[in-house]
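# Structural characterization, general
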Number of protein chains: 2
Amino acid sequence: MENRTRFKGHIVDIVAKRIFGGEIRIVDGRIDSIKECEVDESSPYFMPGFIDSHVHIESSMMTPVEFARIATQHGTIGAVCDPHEIANVLGSEGIELMLKLSKLADFRFAFGMPSCVPSCNKDIETSGFVLGPEEVDKFMKRDDIYFLAEMMNFPGVIGKDPEVMAKIASSKAAGKPIDGHAPGLVGLDRERYAEAGISTDHECTTIETGRAAVKSGMIVQIREGSAAKDYAALSPLIAEAPGMVMLCTDDCHPNDFVRGHVDRIVRRAISDGYDIMDILTAACLTPVKHYGIPAGLLQVGDPADFIVVTDLTKDFRVMKAYINGEKVFSSKGQYTANRLLERSVSVQKDLVLHMSNNFNAMPICEEDIARIATKDENIIVASDGSLFTKHEKGQVDSSVQKMVVLDRYTKGAKPKVAYIKGFDITKGAVAQSIAHDCHNIVAVGSDDKELVKVVNRVIEMKGGIAVSDGTIMEDLPLPIAGIISPLCGHELAFRCTLLQEAIERAGCRFHSPFITLAFMCLPVIPELKLTDKGLFDSVNFKFV
Amino acid sequence: MENRTRFKGHIVDIVAKRIFGGEIRIVDGRIDSIKECEVDESSPYFMPGFIDSHVHIESSMMTPVEFARIATQHGTIGAVCDPHEIANVLGSEGIELMLKLSKLADFRFAFGMPSCVPSCNKDIETSGFVLGPEEVDKFMKRDDIYFLAEMMNFPGVIGKDPEVMAKIASSKAAGKPIDGHAPGLVGLDRERYAEAGISTDHECTTIETGRAAVKSGMIVQIREGSAAKDYAALSPLIAEAPGMVMLCTDDCHPNDFVRGHVDRIVRRAISDGYDIMDILTAACLTPVKHYGIPAGLLQVGDPADFIVVTDLTKDFRVMKAYINGEKVFSSKGQYTANRLLERSVSVQKDLVLHMSNNFNAMPICEEDIARIATKDENIIVASDGSLFTKHEKGQVDSSVQKMVVLDRYTKGAKPKVAYIKGFDITKGAVAQSIAHDCHNIVAVGSDDKELVKVVNRVIEMKGGIAVSDGTIMEDLPLPIAGIISPLCGHELAFRCTLLQEAIERAGCRFHSPFITLAFMCLPVIPELKLTDKGLFDSVNFKFV
């Protein structure tokens, strides 16, 4: 028997770029017809759902199933995902896991193949896996891989590094787009990068770079994530280059994510007076077309994927979301919420429960991190929410804490120790196994006993976050690859709030201490970082 | 085949009042043996779980299944519950629902029969149901009813009101305890109240009333809930009258509840230096004995109900909880959490989905609440977190808002309007169907249009909370009786945070605006209240 439904309201046609009163008829999950008719002015608006055009699901600490559930609450019905983080930890198996989980969700996922695993040499930092050109080629041929994910090695592209070119060739052979990542690249280098076949960039942070990217034929992804916020700089492109702009979050942390997603960027753009069709082209149409996402666009014959919003003002609210004609979110439907939550927490467990998370570190003791500071010590200077650090030399005074990094992959590895300033953890310590891109254990603390306590708690959990305020330990296990939790998204966000409160009690005043900490090992970003191999000068690209 | 487990650690025997190293052997969900042995000093502590000795689950806005899931995360394994709120809305059917749902949880529930439904005359306020002596007698005979719940009508007890005495007689005939509720009652009246067979009181807020209650043979329940906080006043009784004290929360709101429960009171008592055995006697032993709760006390032969805590210091953390030998909480076990969440959201839906919630109110319009204030208007003066109001007379200036109450039970009922001061809702409005004890619709707002908007949203949801900040409407449907949500506890707490933020944007500076609002209709508490029947002078007990 056919399954038929009808909806009446304002229809937002982002292909024909017009809005009209109409009735949508859905038969068996597809748009059967759309007929114009008179509708009440207060009727809701029906439009295609939002697409996050570049996101690392891992940053939400949620599985793809739970990510999808929370995203649809904000009107996002699809996402272009780069499983770069889990690939660094678990290699191909990690990518397979994300793909399998994503297929369990009612959501339009388009996964890419990470192009740079690891992002730097094995001598500089220990990662879980290396994915070379053969591995990339194998994945690029698959139907469930939509694109080659952010090609961070832009000097490699411009200099025609053979491995890089091989990966690009695989993507071209498969007829799939290649994502860029080229902070600050302009002029001839930008042209060459684009000519090599790189067609997007989410690392434009100034309007000049954004315009250069568009000029070279690249689509610019305007990013508003938990840490990086580029909308203010790039929003003029929405009007200047409609069709050459998409919206993305890149990294969206649990606490932020439960509060909003692409809808926040859309609201802001409406508030700033951009044309609604230009905004929705960036928020829905362009990503669907560019990546070939199998999401419906509210056209006759399309799968019935759409959202229902109160209106198109700057304060619009998402009322409902549909995928294949099936309701996946209703702001009033708590039983819909429960049904999806039930599915979300149940479907994933068989897939992840018995999986290795590549965590082999063994407990450390105070002797392992004992160290006497010199008079002219190298000090890492961190600042809130920044991936960058400063390199200071001087005495270790009370403003300086110890930083510890431990290779999580090698059984019996010994920690590396350095000094760091900025976190102001005056009592207690923090440790976590989220540390871009290799996700070793990183810790900062005021005394050795507390440092050992939190590092060993992370080891005991085989991945997670632990904060001690000197008395109470707050923790969050991340049993999936040491970076993802199977918890319900709202419980996860709540646990992150408890961690934030604990680190504040420990003295830290950073707005995003865990994000900041996660970048203190990343050797490709200046100036001074500590990896599991030692203190690395990222300006001169050598160990200190 | 037998199901056997062993645990080793510090055993806290609250019956023999000693702590020793030992091994517990569990066979088929019961304590088979406990043997003393040497244990490591850092071993965890095994002890009976906490009992909330008086709670209205409805205040958590959670179903009993979800209440149990969140409670066990805090080491509470049982609760003595009075389904007074849902009984006012749905009558016997509401009590039956709570009983059925409670049986689906791994938790030691002891439900009582509400003694005062409604809490006042039908001419003063419209309630959903009246439960008379016959109804009470029927329930008191049931095995799943453990006690007669808080006898609020203490003048009726002292004056030997026939209906009140009949209810007491039913409880006595069934051999079940009778709970008290007698704020400020001392001297001869207290003696008479106790002599009538009332054996507990959770309304002692001063040490004098507490001592009077104990002297008269009553057990005092020290209450630390979201609104009422009596620990500071009553804690000396823990040492003065061990065995005559229990701990309770009475009303615990979602945001508070996800953060802690009875464990918070226990930690505070440890911090204040009370004897650990006295504390645990109040937190576990006395309620189990007094109400005959079928919870294990970690004695050989008992059901294996216990919790595992890190230590017995003021900073102890609950690591695990067991019921019938089955793990119902593990601080590290996210898959345990998911399994229970999955059950929690799935088991309840069939029971509640098609149930009436006794919500018949119809949308109102601005004309319904139009009113011209006199020069000498009666003004209700509310204060944060208080059940009491002041009665002022004067002009309606900008510090005064309109208050609206609408009978939710009667189709086509018209709202009553009055003036209220204190909420400071300078733009927008708030409405909710949580309004003790009858749970009609109560609203406060700065202009009629906004008031109509939020009241009608609550009506459209058939119960819930709606807040408008003048632009954006935030809401929470409460589809079960208009007072309970089927959502996951953490999502519910998150939604309450959004409501709180919205009411702050509307101008309200109250710490607990929704709790305060919920008591603005309660006619039994002075001085001036607005019910669905009109403005009521609770001092002279007559309509103004």
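Each remark here, short or long, concerns the structure printed above.
Before going into details, it helps to say that this report is about the structure given with it. (Residues numbered from 1 in each chain as written. Chains lettered and ligands numbered in written order. Predicted model: local features only at pLDDT ≥ 70, side-chain atom pairs only at ≥ 80, totals over all residues. Heavy atoms only, no water.)

## Focus: the overall build of chain A
Check the secondary structure of chain A and you find 18 helices and 26 strands. Here chain A has a C-alpha radius of gyration of 24 Å; the compact-globule value for 544 residues is 24 Å, and the two agree. With respect to the three principal axes, the spread of C-alpha positions in chain A is 80 × 55 × 40 Å. In chain A, buried positions account for 64% of the 544 residues. By sequence separation, contacts in chain A at least 24 residues apart represent 67% of the contacts at least 6 residues apart. Of the roughly 19200 Å² of accessible surface on chain A, a fraction of 51% belongs to carbon and sulfur atoms. (Helix = DSSP H or I, 4+ residues; strand = E, 2+ residues; numbered from the N terminus. Rg over C-alpha atoms; globule rule 2.2 N^0.38 Å. Buried < 20%, exposed > 50% of the residue type's maximum accessible area, 1.4 Å probe, protein only. Contact = heavy atoms within 4.5 Å. Areas by Shrake-Rupley, 256 points an atom, 1.4 Å probe, with all protein chains shown as cover.)

## Focus: the pairing of strand E21 (residues 441–445) of chain A
Residue and element names in this part refer to chain A. Within E21, five of the five residues are buried, which leaves it mostly tucked inside the rest of the structure. Residues Ile441, Ala443 and Gly445 of E21 are buried on one face, and the alternating residues Val442 and Val444, pointing to the opposite face, are buried as well. Pairing geometry for strand E20 (residues 429–432) and E21, over four bridges, is antiparallel. Across the sheet, the residue bridging to Ala431 is Ala443, located in E21. (Pairing = 2+ DSSP bridges.)

## A word on the packing of helix H12 (residues 262–271) of chain A against helix H13 (residues 276–291) of chain A
Residues and elements named next belong to chain A. Where H12 meets H13, the closest approach of the two axes is 10 Å, and the angle between their N-to-C directions is 160 degrees. By the criterion of interaxial angle, the relationship of H12 to H13 is roughly antiparallel. Between H12 and H13 the crossing geometry is right-handed. Residues Val262, Val266, Ala269 and Ile270 of H12 form the contact with H13, whose own contacting residues are Ile276, Ile279 and Ala283. The class makeup of the residues in the contact of H12 with H13 is seven nonpolar, no polar and no charged. (Axes fitted to C-alpha atoms, helices over the stretch in contact; angles between N-to-C directions. Parallel < 35°, antiparallel > 145°, perpendicular 65-115°, else oblique. Left-handed = near helix turned anticlockwise from the far one by under 90°. Nonpolar A, V, L, I, M, F, W, Y, C, P; charged D, E, K, R; others polar.)

## Concerning the pattern of salt bridges
Residue and element names in this part refer to chain A. In total, this model carries 64 salt bridges over all chains according to the counting rule given. Across the pair Lys103 and Asp144 runs a salt bridge, and its minimum N-O distance is 2.5 Å. You can see Lys103 sitting in the loop between helix H3 (92–102) and strand E7 (108–113) and its partner Asp144 sitting in the loop between helix H4 (133–140) and strand E8 (145–151), a full 41 residues away along the chain. Lys103 gets classed as exposed once you look at its relative accessible area, which sits at 54%. Residue class for Asp144 comes out buried when judged on its relative accessible area of 16%. (Salt bridge = Lys/Arg side-chain N within 4 Å of Asp/Glu carboxyl O.)

## Things to note about helix H13 (residues 276–291) of chain B
Residues and elements named next belong to chain B. In a regular helix each residue adds 1.5 Å, so 16 residues correspond to 22 Å; H13 covers 22 Å between its end C-alpha atoms and thus fits that length. Of all bends in H13, the biggest is about 45 degrees, found at Ala282. Taken across its 16 residues, H13 has 15 buried, putting it largely inside the fold. One side-chain oxygen at the N-terminal end of H13 lies 2.9 Å from the backbone nitrogen of Met277; it belongs to Asp275. Directly after H13, the chain includes Gly292, whose backbone phi takes a positive value near 65 degrees. (Expected span 1.5 Å × (residues − 1). Bend = angle between axes of the 7 residues up to and from the residue. Polar contact = N/O pair within 3.5 Å; in protein donor to acceptor, adjacent residues only side chain to side chain.)

## Structural notes on the sheet that holds strand E3 (residues 30–36) of chain B
Residues and elements named next belong to chain B. Strand order in the open sheet formed by seven strands is E3-E2-E1-E4-E13-E14-E15, with mixed pairing between adjacent strands. The open sheet terminates on both sides in strands that have one partner only, identified here as E3 and strand E15 (326–330). Sheet twist, expressed as the mean angle between neighbouring strand axes with direction ignored, is 35 degrees. Here ten bridges tie strand E1 (residues 4–13) to strand E2 (residues 18–27), and the two strands are oriented antiparallel to one another. Bridge assignment links Arg6 to a residue of E2, and that residue is Arg25.

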